[in-house]
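Residue-level structure breakdown
These are the residues of each chain, in order.
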Amino acid sequence: MSLVFDEYGNPFIVIRDQQAKERLRGIEAHRSHILAAKTISNIMKSSLGPKGMDKMMVSQDGEVLVTNDGATILENMQVDNQIAKLMVQLSKSQDDEIGDGTTGVVVLAGSLLEQAEQLIEKGIHPCRIYEGYETACKIATEHLKTISDSIEFSKDNIEPLIKTAMTCLGSKIVNRFHRQMSEIAVKAVISVADLERKDVNLENIKLEGKEGGKLEDTQLVKGIIIDKGISHPQMPKIIKDAKICLLTCPFEPPKPKTKNSIEITKAEDFKVLGEIEQKYFTDMVEKVKATGANLVICQWGFDDEANHLLLQNNLPAVRWVGGLDLEKIAMATGGRIVARFEDVSADKLGRAGLVREVGFGTTQDRYLSIEDCPNTNAVTIFVRGGNKMIVEEAKRSIHDALCVTRNLIRDNRVIYGGGSSEISCGLKISAMADDIASIEQYAVRAFADALDAIPLALAENSGLPSIESLSTVKAMQIKEKNPRLGIDCNHRDTNDMKAQHVFDTLPGKTQQFLLANQVVKMILKIDDIIKMGPGADE
Amino acid sequence: MSSQLAPIPILNQNASEERGEIARLSSFVGAIAITDLVKTTLGPKGMDKILISASNPNELIITNDGATILTKIYIDNPAAKILVDISRTQDDEVGDGTTSVCVLAGELLREGERLVQQKVHPQTIISGWRLALETARAALQSSTQDHSSDKVKFREDLLNIARTTLSSKILHTEKDHFANMVVDAVLRLNGNTNLDNIHIIKKSGGSLRESYLDEGFILEKKIGVGCPKRLENPKILIANTAMDTDKIKIFGGKVVVDSMTELAKMEDAEKEKMLNKCKKIVDHGINCFVNRQLVYNLPEQYFAEHGVMSIEHADFDGIERLALVTGAEIVSTFDHPELVKIGTCKLIEEVMIGEDKVIRFSGIPSGEACTIVLRGATSHILEEAERSIHDALCVLAVTVAETRTVLGAGCSEMIMSKAVDELAAITPGKKAMAIESFAKALRQIPTIIANNAGYDSSELVSQLKAAHHQGDKKAGLNMRDGCIGNAEELGVIESFKVKQQVLVSAHEAAEMIMRVDDILRAAPRQRSNLQH
């Protein structure tokens, strides 16, 4: 229809078809979208669950990355297809919001679209489908609330939190030590959490990694570790009861922001200038020294002379510390970041019980560890591992576990994992579907079917006969009226997820349903794609 | 229906995806290829490799060091890259065992591939391997010996470890000589594991045997013209300061003069400033001045006049080491002589090594530092010798920190594989197959060592296995005579930490590769200036 005719029969062009590389409309467009989305979800499917597999990604520059994290996979996949890009966004928003369940959300969306395709084939209009989905989604989220369970925990009783974190880490490479890793993650979150306000600032937890050693050498440090060494080789490497001066100005003569030039015309001026310069350095050091500081942490560099003066005045210093790190140090030590030497004073110093430089292995990598800070609200998780990829993956996994724990502190309701909640929601929706009189009934039912994708994928990845185990569990759920029954991925001979301690957070799961549903709705609403050919923009 | 047949591009053009079996195959093939590449360098009779640089065909390296080989070759396969990375990490962390870690991971994957072909699920293999790893580690731990309380015995241990490490390298022929050298060097550190204090100098010429350990510190620099060439009990000032022209650092400062006389005055002022600085330096009461930066003629002359030996352009490392060994402070300002720590030693002299003059600081107070002077026929030999010495030093430093040792010569591998085999026998289910495969992979290490030495590996390894099962926990391969011997008597000892690190990292890497079922390759970045 890109060419129309006016009343005199003269043609005029609405859309210049020739330049468009391709144009897909109506059902064809839907089909192509669904296919693209399905492809993405199929890639992700095998990463789901405790027995999920990893993906190896080779970046543009040949760097290798091995991961199990849905959001990371999609982010690095370099998808070109517009619908596939939507799926990438979907996983990313789940990551930003919840931090976990990034794989599940994509698999769910893919499965919803797969079901929608069949309905479209039947001739049901996409609008009706997504309206049905909307209804079903509402039922599902309501139902999730009814089957949720709340867990009790306190600062002394963190066991339930550890259990949940373990579920989250179960699918990652760190699961060999997932008890230890979960403990680290939970302890980290608890130490920075504000249980009164039910809030956690994850920025207070720093994840630092260094290859070498073993995964089980990973540790939680109450304090901060930064990837820097003391600036002068002869300064003390261990400072007890440190009083830290945090500076964002370099130990150099000031550089006025306005452009200037000092013209030296006489030999006397030259001498005077030399003296002024010397004075700058001594003044700067003296000012810092006068506050009683015994450690200087600076965002910028030092001149050689300043460096030596600091050494002579017994002021160990650290240079080129990143802005973010500096902020964290300020938070932990209770110090104030000072931007001008005129402003340094004793009350702006940060304090720490122990600051030391630590080295690893045979290379000269030095780390500065700041411990025993007055504000325990800052901790660092220091990850070790046999190679770079493992360390990176462990960092990502721990980040997920941190997010999950945070979510639990915000909202202590959990639902049981292992696909049990999906099965239970599916059953509920199917039951409700019968009461719907309109065409949406089909769509609602399709939603219920789509939910099966998660337990199916879980069973498949665990090497169980997928359809058989799903139908068994479904039948059991109906018979025993027990929504906690799920797929027994770890072969522990029980389907009760409560007994297996497999939890997910309620907001996480609800979010998965809502986000997947939204994206599906968006994709179903598109009925026309116009893709510009390469020559079109010229 | 045409659109259904039309392909829908999901990934970027040029990006590729390998899935399931194919992905697994490609990672196995890559990992095994890398393993086969380096495995011939393993053991006392391992062979060397020549590496030729792509950019400069004249630049070649002859080496036996796994990490060096692996980091230098160009690899496209992602699984192979993981192996290269563990090898490099091993090098950074413990310094030796870089080949073993790669070979063990590769052999694990080779066994894993066989199991996958028999339709065992990778996750089952992984859980089997995990059980096996725990058992192997426990077995390794129980086989350790610790002689740290007995000084003489510990030194003997260290010597043996050094010999074991060196025996696979080019220094093989002179291994006793070099083993003594590195052990002396490490023991001088008194438990300090910082290898900075050991300086290695390479001078071509002479033979490897002429290499020696110098108890002083050797700086590869020249003493300034007209300065005394020999100083006893010198007072050394170590500085990092500009001795050419002292720039004005205040931003925007520049010199503008309007007449020749002013210019001359300015020059004088500059000169005066420099001389002033020199005077301040001399006022420290020193007779040796070492600077990181250049020392120009004017100050050099001043120093010579005042009987101060000046040494210019010692680089960062040199300065730091020198400061460390002489106990001096690195100085950049000279206004407070009373605060500056002056370094000292017994004697500074200019000596000749081969054709070159170097400066030797001997009788150093802290006594920790020393210099290893390597001599050899060609630069390639020297390079390789340095790498070998570095490996040996690292291993010794690790052993000094973690004093437990294990037996080498395939003995500890056999102990582990025996324990793992026993575990497999009592484990029900498919996991047992994976556990067995782990034991088999461990046995591959002695097999390769024997193969490389040109012996009948099947015969030797089965004999070794039998010996261990009969309860001889010290049986190992005697690669001199091609038979089974007592590893302890043979003196083949390795550091426990290195061995454990090999085991753990190899397993971690193998598991990581095993878990992959999909390889996504991004389109290579477009490089406009690079034509292929």
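What you are looking at is a predicted structure, and each value in this text was computed from that prediction instead of being measured. (Residues numbered from 1 in each chain as written. Chains lettered and ligands numbered in written order. Predicted model: local features only at pLDDT ≥ 70, side-chain atom pairs only at ≥ 80, totals over all residues. Heavy atoms only, no water.)

Once that is clear, we can look at the overall build of chain B. Across its full length, chain B holds 17 helices and 22 strands. With the C-alpha coordinates of chain B rotated into their principal frame, the extents come out at 95 × 80 × 40 Å. The proportion of buried residues among the 532 residues of chain B is 56%. Considering only intrachain contacts with a sequence separation of at least 6, the fraction spanning at least 24 residues in chain B is 75%. A total of about 22,500 Å² of accessible surface is found on chain B, and carbon and sulfur atoms cover 51% of it. The average position of the 61 basic charges and that of the 73 acidic charges among the side chains of chain B differ by 2 Å. (Helix = DSSP H or I, 4+ residues; strand = E, 2+ residues; numbered from the N terminus. Buried < 20%, exposed > 50% of the residue type's maximum accessible area, 1.4 Å probe, protein only. Contact = heavy atoms within 4.5 Å. Areas by Shrake-Rupley, 256 points an atom, 1.4 Å probe, with all protein chains shown as cover. Lys, Arg positive; Asp, Glu negative; His and termini not counted. Charge placed at Lys NZ, Arg CZ, Asp CG, Glu CD.)

What follows concerns the domain arrangement of chain B. Residue and element names in this part refer to chain B. Entries for chain B in the domain assignment read domain 1 (16-145 + 407-521), domain 2 (148-216 + 372-402) and domain 3 (217-366). For domain 1 and domain 2, the distance between their C-alpha centres works out to 26 Å. Counting residues at the interface gives 21 residues for domain 1, matched by 17 residues for domain 2. Roughly 1,700 Å² of surface becomes buried between domain 1 and domain 2 when both sides are summed, with 55% attributable to carbon and sulfur atoms. Together, Asn64, Asp96 and Ile493 form the three largest contributors to the area buried by domain 1 at its contact with domain 2, with a combined 25%. Taken together, domain 1 and domain 2 are joined by zero salt bridges. The interface formed by domain 1 and domain 2 includes five residue pairs in polar contact (both at pLDDT 80 or more). At the level of elements, strand 3 (60-63), strand 21 (493-495) and helix 17 (496-514) are the ones that each hand at least two residues to the side of domain 1 that touches domain 2. (Domains from an automatic or database assignment. Buried area = accessible area lost by both parts, 1.4 Å probe. Salt bridge = Lys/Arg side-chain N within 4 Å of Asp/Glu carboxyl O. Polar contact = N/O pair within 3.5 Å; in protein donor to acceptor, adjacent residues only side chain to side chain.)

What follows covers the packing of aromatic side chains. Residues and elements named next belong to chain A. Inspection of every chain in the model, using the stated rule, returns three aromatic pairs over all chains. Aromatic side chains Tyr133 and Phe447 sit 5.7 Å apart centroid to centroid with 70 degrees between the ring planes, which places their arrangement in the edge-to-face category. With Tyr133 in helix 5 (residues 126-147) and Phe447 in helix 13 (residues 440-451), this residue pair connects regions lying 314 residues apart in the sequence. Each member of the pair Tyr133 and Phe447 is classed as buried. (Phe/Tyr/Trp six-rings, centres within 6.5 Å; stacked < 30°, edge-to-face > 60°.)

Turning to the sheet that holds strand 1 (residues 16-19) of chain B, a few remarks are in order. If you trace the four strands from one edge of the open sheet to the other, you get 5(A)-4(A)-22(B)-1(B), paired in mixed fashion. Each edge of the open sheet carries a strand with a single partner, namely strand 5 (64-67) of chain A together with strand 1 of chain B. For this sheet, the mean inter-axis angle between neighbouring strands, taken without regard to orientation, is 15 degrees. By the bridge criterion, four bridges tie strand 1 of chain B to strand 22 (residues 516-521) of chain B in an arrangement that is antiparallel. Its bridge partner lying in strand 22 of chain B, Ser16 of chain B is registered against Arg521 of chain B. Seen against the sheet, helix 2 (residues 20-39) of chain B touches strand 4 (54-58) of chain A together with strand 1 and strand 22 of chain B and runs at an angle of roughly 95 degrees to strand 1 of chain B. (Pairing = 2+ DSSP bridges. Axes fitted to C-alpha atoms, helices over the stretch in contact; angles between N-to-C directions.)

All right, on to the pattern of salt bridges then. Taken as a whole and judged by the stated rule, the model has 36 salt bridges over all chains. Close ionic contact of Lys509 of chain A with Glu422 of chain A constitutes a salt bridge, the shortest N to O distance being 2.6 Å. Of this pair, Lys509 of chain A sits in helix 17 (residues 506-525) while Glu422 of chain A is found in helix 12 (residues 420-433), placing the two residues 87 residues apart along the sequence. Residue class for Glu422 of chain A comes out buried when judged on its relative accessible area of 1%. Note that Glu494 of chain B is salt-bridged to Lys499 of chain B, the shortest N-O span being 3.2 Å. When salt bridges with common partners are traced through the structure, they connect Glu159, Lys163, Arg179 and Glu183 of chain A into a single cluster.

Okay, the pairing of strand 5 (residues 198-204) of chain B next. Residues and elements named next belong to chain B. Across the seven residues that make up strand 5, a large majority, five, are buried. Of the pairings in the sheet, the one linking strand 5 to strand 17 (residues 370-376) comprises seven bridges and is parallel in character. The partner of Lys202 across the bridge, within strand 17, is Leu374.

Bringing the interface of chain A and chain B into the picture now. Taken residue by residue, the interface counts 90 residues in chain A and 89 residues in chain B. Summed over both partners, the interface of chain A with chain B comes to about 7,800 Å²; 54% of that surface belongs to carbon and sulfur atoms. When the buried area of chain A at its contact with chain B is split by residue, Met56, Arg176 and Phe270 of chain A rank highest and sum to 11% of it. The interface formed by chain A and chain B contains two salt bridges. Across the pair Lys55 of chain A and Asp517 of chain B runs a salt bridge whose closest N-O atoms are separated by 2.8 Å.

Across the five residues of strand 4 of chain A, five count as buried, placing the element largely inside the fold. The two faces of strand 4 of chain A match: Asp54, Met56 and Val58 of chain A on one face and Lys55 and Met57 of chain A on the other face are all buried. Where strand 4 of chain A meets strand 22 of chain B, five bridges bridge the pair, whose relative direction is parallel. Within strand 22 of chain B, the residue paired with Lys55 of chain A across the bridge is Asp518 of chain B. Both strand 4 of chain A and strand 5 of chain A contribute to a ladder of four bridges, which runs antiparallel. Across the sheet, Met57 of chain A pairs through a bridge with Leu65 of chain A, a residue of strand 5 of chain A.

It is worth spelling out the environment of Arg480 of chain B at this point. Residue and element names in this part refer to chain B. With respect to the element layout, Arg480 can be found in the loop between strand 19 (475-478) and strand 20 (483-486). Take Arg480: its relative accessible area is 64%, and that puts it in the exposed class. Separated by 372 residues in the primary sequence, Arg480 and Leu108 place their C-alpha atoms 28 Å from one another.

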